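Residue-level structure breakdown
Below, each chain spelled out in residue letters.
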Amino acid sequence: MSSPIPSLPTPRSERLVGSPAVRRDGRWWLVSSAGSVLATDPVFTGELDRFATALAAADQAVAELLDEQHGSPSLHPGMRQ
C-alpha cells in the first residue's frame, strides 16, 4: 500500500510584518513584551487573513519580477543584445 504524498509543512508561527499580530497554529494573537492576547473577533481576524494573503501575493509578484529581470540579458551591465 502506498502512502499519500505528504503536504508541505506550514509554519507554526507567522508574524504579520510591521504589526504585533502573529498567527500560531491558524489562530491570530496580538503579541507584545507584556504578553499575548488571542484575537477572537471574526471580522478582525478575517481582515488579518486578507491582509496576510495580500502581502504573500505581493511578495510572490515581486519575486517573479526579480526573476524576470535577472533572466534578461539587457538588464546586466556590460551585455549587449
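Just above sits the structure.
To keep things clear, this report deals only with the structure shown in the data block.

What follows covers a nonpolar patch on the surface. On the surface, a cluster of nonpolar side chains totalling about 250 Å² of accessible area is made up of L30, V37 and F44. Tracing the backbone through its elements, the reader meets L30 in strand 3 (residues 27–32).

Turning next to the nonpolar core. If you look at the biggest cluster of nonpolar residues, it comprises 6 residues: L16, A21, W28, A39, L48 and A52. In contact with L48, other than residues within four places in its own chain, are L16, A21 and W28.

With that settled, the discussion passes to the sheet that holds strand 1 (residues 13–15). Across a sheet, paired strands are connected by hydrogen bonds in the backbone, their directions being either parallel or antiparallel. Taken together, 4 strands build an open sheet; the order of strands is 1-2-3-4 and the sheet is antiparallel. Single-partner strands in this sheet number two, and they are strand 1 and strand 4 (35–38). Between one strand axis and the next, the sheet turns by 30° as a mean value, whatever way the strands run. By the bridge criterion, 4 bridges tie strand 3 to strand 4 in an arrangement that is antiparallel. Bridge pairing in strand 4 places V31 opposite S36. Strand contacts of helix 1 (residues 42–71): strand 2 (21–24) and strand 3, with the helix running at about 90° to strand 3, the strand carrying the most contacts.

Oppositely charged side chains can pair when the atoms bearing their charge come close. As enumerated under the stated definition, the model contains 3 salt bridges in all. Note that E14 is salt-bridged to R23, the shortest N-O span being 3.4 Å. Using a relative accessible area of 31% as the deciding quantity, one classes E14 as partly exposed. Judged by relative accessible area, R23 falls into the partly exposed class, the value being 21%. In this structure, E47 engages R50 in a salt bridge whose closest nitrogen and oxygen atoms are separated by 2.7 Å.

One ladder, built from 3 bridges, connects strand 1 with strand 2; its direction is antiparallel. Bridging from a neighbouring strand, E14 pairs with R23 of strand 2. Between strand 1 and strand 2, which pair antiparallel one after the other, the connecting turn spans 5 residues, and G18 there sits at a positive phi close to 75°. Judged from the 4 bridges that link them, strand 2 and strand 3 form a sheet pairing that is antiparallel. Across the sheet, residue A21 finds its bridge partner in strand 3, namely L30. What sits between strand 2 and strand 3 in their antiparallel hairpin is a turn of 2 residues, with D25 showing a positive phi close to 50°.

Cut-off values and rules
- Residues numbered from 1 in each chain as written.
- Predicted model: local features only at pLDDT ≥ 70, side-chain atom pairs only at ≥ 80, totals over all residues.
- Heavy atoms only, no water.
- Patch = residues over 30% accessible without salt bridge, like charges linked within 9 Å, V, L, I, M, F, W, Y side chains within 5 Å.
- Areas by Shrake-Rupley, 256 points an atom, 1.4 Å probe, with all protein chains shown as cover.
- Salt bridge = Lys/Arg side-chain N within 4 Å of Asp/Glu carboxyl O.
- Helix = DSSP H or I, 4+ residues; strand = E, 2+ residues; numbered from the N terminus.
- Core = buried A, V, L, I, M, F, W, Y, C linked by side-chain atoms within 4.5 Å.
- Buried < 20%, exposed > 50% of the residue type's maximum accessible area, 1.4 Å probe, protein only.
- Contact = heavy atoms within 4.5 Å.
- Pairing = 2+ DSSP bridges.
- Axes fitted to C-alpha atoms, helices over the stretch in contact; angles between N-to-C directions.

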